[in-house]
Amino acid sequence: MVSIATARIKREFKEVVTSDELTKCKIKLELLNDNFTELKGEIGGPPDTPYEGGTYQLEIKIPETYPFNPPKVRFLTKIWHPNISSVTGAICLDILKDQWAAAMTLRTVLLSLQALLATPEPDDPQDAVVANQYKTNNKIFVKTARHWTNIYAGSTLAAEPEFDSKVKQLIDMGFDNHKSRVALSSHLWNVEHAIESLYN
Amino acid sequence: MKVTIKGYTGVAVWKWVANDDTCGICRMPFDSCCNDCKYPGDDCPLVWGQCSHCFHMHCIMKWVNGNQKSNQSCPMCRQAWKIKEK
Ligand SMILES: [Zn+2]
Ligand SMILES: [Zn+2]
Ligand SMILES: [Zn+2]
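Residues numbered from 1 in each chain as written. Chains lettered and ligands numbered in written order. Predicted model: local features only at pLDDT ≥ 70, side-chain atom pairs only at ≥ 80, totals over all residues. Heavy atoms only, no water.

Whenever I open this one, the interface of chain A and chain B confuses me. Can you help?
Many analyses report the size of an interface as the accessible area lost when the parts associate. Facing 22 residues of chain A, the contacting portion of chain B comprises 16 residues. A buried area of about 1600 Å², summed over both sides, lies between chain A and chain B, and 53% of it is on carbon and sulfur atoms. Where chain A meets chain B, there are zero salt bridges. At the junction of chain A with chain B, the criterion picks out four residue pairs in polar contact (both at pLDDT 80 or more). (Contact = heavy atoms within 4.5 Å. Buried area = accessible area lost by both parts, 1.4 Å probe. Salt bridge = Lys/Arg side-chain N within 4 Å of Asp/Glu carboxyl O. Polar contact = N/O pair within 3.5 Å; in protein donor to acceptor, adjacent residues only side chain to side chain.)

Honestly, the sheet that holds strand 1 (residues 27-31) of chain A in this entry has me stumped. Any pointers?
Think of a sheet as strands paired side by side through backbone hydrogen bonds, with each pair either parallel or antiparallel. Residue and element names in this part refer to chain A. Read across the sheet, four strands follow the order 1-2-3-4 without closing on themselves; strand pairing throughout is antiparallel. Pairing within the sheet leaves two strands with one partner each, and these edge strands are strand 1 and strand 4 (72-75). The average undirected angle you get between the axes of adjacent strands in this sheet is 25°. As defined by bridge partners, strand 1 adjoins strand 2 (residues 38-44) across five bridges and the pair is classed as antiparallel. For Ile 27, the partnering residue across the bridge sits in strand 2 and is Ile 43. (Pairing = 2+ DSSP bridges. Helix = DSSP H or I, 4+ residues; strand = E, 2+ residues; numbered from the N terminus. Axes fitted to C-alpha atoms, helices over the stretch in contact; angles between N-to-C directions.)

Explain the pattern of salt bridges here, please?
Where charged atoms from two side chains of opposite charge approach closely, those side chains can pair. Residue and element names in this part refer to chain A. For the structure on display, the rule yields nine salt bridges over all chains. Between Arg 146 and Glu 160 there is a salt bridge, with the nearest N and O atoms lying 3.7 Å from each other. Of the two residues, Arg 146 is situated in helix 5 (residues 138-152) and Glu 160 in the loop between helix 5 and helix 6 (161-172); the sequence distance between them amounts to 14 residues. Glu 160 gets classed as buried once you look at its relative accessible area, which sits at 10%. A network of salt bridges, in which partner residues are shared, links Lys 143, Glu 162 and Lys 166. (Buried < 20%, exposed > 50% of the residue type's maximum accessible area, 1.4 Å probe, protein only.)

What is the right way to read the coordination of the zinc ion (ligand 1) from this model?
Four donors placed tetrahedrally about a metal ideally form angles of 109.5 degrees, and six donors placed octahedrally ideally form angles of 90 or 180 degrees. Within the protein, the atoms that donate to the zinc ion (ligand 1) are B:Cys23 (SG), B:Cys26 (SG), B:His56 (ND1) and B:Cys59 (SG), at distances of 2.1 to 2.4 Å. For the zinc ion (ligand 1), the four donor atoms in the first shell make angles of 97 to 119° at the metal, a pattern classed as tetrahedral. (Donors = N, O, S within 2.8 Å, 3.2 Å for Na, K, Ca; no water. Tetrahedral: all angles 85-135°; square planar, octahedral: opposite > 155°, others 65-115°.)

Help me out: how do you make sense of the layout of surface pockets in this one?
One water molecule sets the probe size; rolling that probe over the atoms shows where empty space is left. Residue and element names in this part refer to chain A. Space inside the second largest pocket adds up to approximately 180 Å³. Residue assignment for the lining of the second largest pocket shows that the elements contributing at least two residues are strand 3 (55-61) and strand 4. The dominant element in the lining of the second largest pocket, judged by the number of residues it contributes, is strand 4, at three residues. When the residues that make up the lining of the second largest pocket are grouped by side-chain class, the tally is six nonpolar, one polar and five charged. (1 Å grid on protein atoms, 1.4 Å probe; cavity = no way out; pocket = protein on both sides within 12 Å on 5 of 7 lines; lining within 4 Å. Points joined across faces, edges and corners; volume = space filled by probe spheres on them. Nonpolar A, V, L, I, M, F, W, Y, C, P; charged D, E, K, R; others polar.)

Sorry if this is basic, but what is going on with the packing of aromatic side chains here?
Each aromatic ring pair is characterised by the separation of its centres together with the angle its planes make. All names here are of chain A. Under the defined criterion, the tally for this structure stands at nine aromatic pairs over all chains. Seen in terms of ring centroids, Phe 175 and Tyr 199 are 5.4 Å apart; in terms of plane orientation they differ by 70°. Their pairing is edge-to-face. Of the two residues, Phe 175 is situated in the loop between helix 6 and helix 7 (177-186) and Tyr 199 in helix 8 (residues 191-199); the sequence distance between them amounts to 24 residues. A relative accessible area of 17% means that Phe 175 is categorised as buried. (Phe/Tyr/Trp six-rings, centres within 6.5 Å; stacked < 30°, edge-to-face > 60°.)

Is there a simple way to think about the coordination of the zinc ion (ligand 3) in this case?
Residue and element names in this part refer to chain B. For the zinc ion (ligand 3), the full set of protein donor atoms is Cys 51 (SG), His 53 (ND1), Cys 74 (SG) and Cys 77 (SG), at a range of 2.0 to 2.3 Å. Here the zinc ion (ligand 3) is ringed by four donor atoms whose angles at the metal span 106 to 112°, and the overall shape comes out tetrahedral. On the primary sequence, the residues serving as donors to the zinc ion (ligand 3) are separated as C-x1-H-x20-C-x2-C.

Help me understand the domain arrangement of chain A in this model?
All names here are of chain A. Domain boundaries assigned for chain A yield domain 1 (4-118) and domain 2 (128-199). In this structure, domain 1 and domain 2 have C-alpha centres spaced 26 Å apart. Across the boundary between the two partners, domain 1 contributes 14 residues, which contact 19 residues of domain 2. The junction of domain 1 with domain 2 conceals about 1400 Å² of combined surface from both sides, 74% of it contributed by carbon and sulfur atoms. Connecting domain 1 to domain 2 are zero salt bridges. At the junction of domain 1 with domain 2, the criterion picks out four residue pairs in polar contact (both at pLDDT 80 or more). In the side of domain 1 that touches domain 2, the residues fall into six nonpolar, six polar and two charged. (Domains from an automatic or database assignment.)

Teacher, can you tell me more about the environment of B:Cys44 here?
Along the chain, B:Cys44 falls in the segment before strand 1 (46-48). Counting along the chain gives 15 residues from B:Cys44 to B:Cys59, while the straight-line C-alpha distance between them is 9.6 Å.

Okay, structure coming up:
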């Protein structure tokens, strides 16, 4: 017998791929296996945000108890955002936790994630370093987020050449590309502090 | 399948009357049954909440009997789930 989880994902999948609203919002859904338990989502960064122009890949796992429990979702594309871990891609969003309701769908989830990119909730952070920067140094936060969009999410807008040259400085010292970028991003692009943290 | 005539509306096709035409939980149309049943009708009834949302009884029971505390609310509008007695 087909489980309710499988049957529902099948129906939802049809709804998503046939909806033009979703192509307009730059949302995609792709099946990764035949039993409808693993999917790949994709959302476009919303306009007028530091994520504009970026494309974000999401890992979606459907529990056997879906839709009575929420799907497990994380970002595969690296992102600088207060509610998304810059390390693991884990997401802090109420509807993926205790605010889930059985009537919600993958479409609701993808649209909510897009909304989360547009309106971060720094008081309920998943990444404390990013959240703190968002609150105390918003200008640097925006530039950093934009830089990550450019490097990891494939945006052709908004490169920060000054940041690139700082990362290169650290790479030339023998540090790993991504680690250097994380260290610089976490230390307000202060090269000295970033190097210090990489040595610790 | 056994159909009980509850009222005569002058419509030839038998259909559940619902506020929406699909169950928000299993996303099956209300004239089909939930995922666990084979035949729609008396064996797989619909229930209405006081918030006026409607579900297959089997579907809403699974949600309400789940062990999360949020499960006590309507999956559509999050108001407390109370069955509307007719
Ligand atoms: Zn149902
Ligand atoms: Zn049923
Ligand atoms: Zn309701």
